Every structure is written in C-alpha cells, then in structure tokens.
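An overview of the molecular structure
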Amino acid sequence: LYNIDPAWSTAEITEIEAMTELLETHMPKTRHPVPSLRLEENNLVQKMAAFDPARVIVFNWCEEIPGIAHSCALVAGGLEKMGFTFTGADADALQFSLDKPAVKERLEANGIPIPTWQVFESPGIMNWDCYPAIVKPAYEHSSVGITREAVVHNRQELETQVEHVLTRYEQPVLVEDFIDGREFHATVVGNGNLQVLPIAEMDFS
C-alpha cells in the first residue's frame, strides 16, 4: 500500500513509482501473491474493501493520505479499525513521532543522551550559543524542512533560518546542537521477539 499525491511533480511521482516497482520485484520471493495498491485520494476504506483482514498482511508504505498533511497516523489508524495486520508503527506511535519536542522529553526522561535543544516560537533568539546548530520544524515527519541551510554557524544565520521555518511551516522551530559525523540506521523487526537487520550507513557525499 503506497500513496501518490496528484499535486506532486512528475519527477516525484516517477521516483515513487520506480521505488515501488523495485520493491515489487523482490516481494514475490516470499512466495505469496503481492498485489500493489496505489492510494491517490482519501478512499482507504474503499481500496481495502476487496481484502479479507484475516488473510492479508499490509506492507504499509504510505507516508500520508493524499491531500491531508501529517496524516501518516490516519493511514495506520484506518488499517487498525478495519482489522488489518500491517508493517511499521501503529497509529499512536506515528502520531507521537510528529511531535519532536515530546519525543525529546521522553528520551530525556528515560536517561537517553540527546543533543542540546530548544524550541523557538519567534525569530528573536535568546539563550542559545551552541554552534554549529541545526534548525528544523518542530512538528513535521522525518527530515521535512531540513536543507543545507538548516545547519547554521552563527547568531545571524540562526535567526534567518528560524524566521524562514516559522514563515514557511507556520509552526514552532526546534534548534539542536548539530552532531557531525557518520549516520547509521538500525532496522529492528518484530513484536516482542526482535530481530536487528544489518546496519546501514547513510552516504551524504
């Protein structure tokens, strides 16, 4: 199950279709039929109506319901209500992950070291002198709003980028100590009995 938004550019749609096709070429190795469903509007219930929740596992690759911002949790929630088993996080976890400050508070409460951070609701910068810093929208999914300009090296760059995010995304801004170095993804699969897949490094060159 994946989504295509008609409002996307031709290049964006082509990229998603190519990635989906690549995924589909490997799915048959599971020896199960893998029909592909493309969600192009807010009609998840109708799309899934032909499938029996007791016999189907949904590979949920939907980032959102087309036309509805921040709706990744709505997809998972819809699948939950219909009784489907699906891959990835549940609706509550996806909704929580959109709130970056709340995630950071949860990590700190559990003694997990994280970069210094602060939320700004106006371009006036107070009590921040940690550079380089990274500037991002506080309530967006993944790396939305993060560009090369997001890493700032002084007060002037910080104020400019904070004002840009406030204007562009109309939400508070999260500023963090920028941690330079290599980035690794550790994919964990399972419920209870967890399996860690091979570690993957992101190449930003």
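For the structure itself, consult the block above.
Structure report, in brief. Please read these numbers as outputs of a predicted model, since none were measured by experiment.

**Regarding the overall build of the protein**
In terms of helices and strands, the protein carries six helices and 12 strands. With respect to the principal axes defined by its C-alpha atoms, the protein has extents near 55 × 40 × 35 Å. Here the protein, with 205 residues, has 30% of them falling under the buried criterion. Within the protein, contacts between residues separated by at least 24 positions form 57% of all contacts whose residues are at least 6 apart in sequence.

**Remarks on the layout of surface pockets**
In this structure, the second largest pocket spans a volume of roughly 750 Å³. Elements with a contribution of two residues or more to the lining of the second largest pocket: α1 (10-26) and β3 (57-58). For the lining of the second largest pocket, the element with the highest residue contribution is α1, accounting for three residues. Class assignment for the residues of the lining of the second largest pocket results in 15 nonpolar, five polar and two charged.

**Quick word on a nonpolar patch on the surface**
On the surface, a cluster of nonpolar side chains totalling about 480 Å² of accessible area is made up of F184, V188, L194, V196 and I199. Residue placement: F184 occurs in strand β9 (residues 183-185). Taking relative accessible area as the criterion, F184 reaches 45% and is therefore assigned partly exposed.

**Focus on the nonpolar core**
In terms of nonpolar packing, the biggest core is built from 17 residues, with L1, L44, M48, V58, V75 and L79 touching the most fellow members. For this core, the secondary-structure elements that each account for two or more residues are α2 (44-48), α3 (72-82) and α4 (91-97). It is α3 that contributes the most residues to this core, five residues altogether. Contacts of V75, omitting those with residues within four sequence positions, involve L1, L44, N60, C62, E64 and I65.

**Topic: the pairing of strand β6 (residues 133-137)**
Burial runs high along β6: five of the five residues are buried. Judged by which residues are buried, β6 turns out to be covered on both faces: A133, V135 and P137 on one side and I134 and K136 on the other are all buried. Here two bridges tie β6 to strand β7 (residues 151-152), and the two strands are oriented antiparallel to one another. Paired with A133 across the bridge in β7 is V152. Summarising the sheet, β6 and strand β8 (residues 173-177) pair through five bridges and their orientation is antiparallel. What sits directly across from P137, in β8, is V173.

**Examining the packing of aromatic side chains**
With the rule as written, the count across this model stands at one aromatic pair. Ring centres of F59 and W61 lie 6.5 Å apart, and the angle between their planes is 80 degrees; on these two criteria the pair is classed as edge-to-face. On the basis of relative accessible area, F59 is assigned to the partly exposed category, the value being 35%. Under the relative-accessibility criterion, W61 is labelled partly exposed at 33%. Above the ring of Y169, the side-chain terminus of R168 is found at 4.7 Å from the ring centroid.

**Quick look at the environment of M27**
Of note, M27 is situated in the loop between α1 and β2 (38-39). Under the relative-accessibility criterion, M27 is labelled buried at 16%. C-alpha separation for the pair M27 and M48, spaced 21 residues apart in sequence, amounts to 19 Å. Discounting chain neighbours no more than four positions away, the residues touching M27 are V34 and F59.

Conventions adopted
Residues numbered from 1 in each chain as written. Predicted model: local features only at pLDDT ≥ 70, side-chain atom pairs only at ≥ 80, totals over all residues. Heavy atoms only, no water. Helix = DSSP H or I, 4+ residues; strand = E, 2+ residues; numbered from the N terminus. Buried < 20%, exposed > 50% of the residue type's maximum accessible area, 1.4 Å probe, protein only. Contact = heavy atoms within 4.5 Å. 1 Å grid on protein atoms, 1.4 Å probe; cavity = no way out; pocket = protein on both sides within 12 Å on 5 of 7 lines; lining within 4 Å. Points joined across faces, edges and corners; volume = space filled by probe spheres on them. Nonpolar A, V, L, I, M, F, W, Y, C, P; charged D, E, K, R; others polar. Patch = residues over 30% accessible without salt bridge, like charges linked within 9 Å, V, L, I, M, F, W, Y side chains within 5 Å. Areas by Shrake-Rupley, 256 points an atom, 1.4 Å probe, with all protein chains shown as cover. Salt bridge = Lys/Arg side-chain N within 4 Å of Asp/Glu carboxyl O. Core = buried A, V, L, I, M, F, W, Y, C linked by side-chain atoms within 4.5 Å. Pairing = 2+ DSSP bridges. Phe/Tyr/Trp six-rings, centres within 6.5 Å; stacked < 30°, edge-to-face > 60°. Lys NZ or Arg CZ within 6 Å of the ring centre and 35° of its normal.

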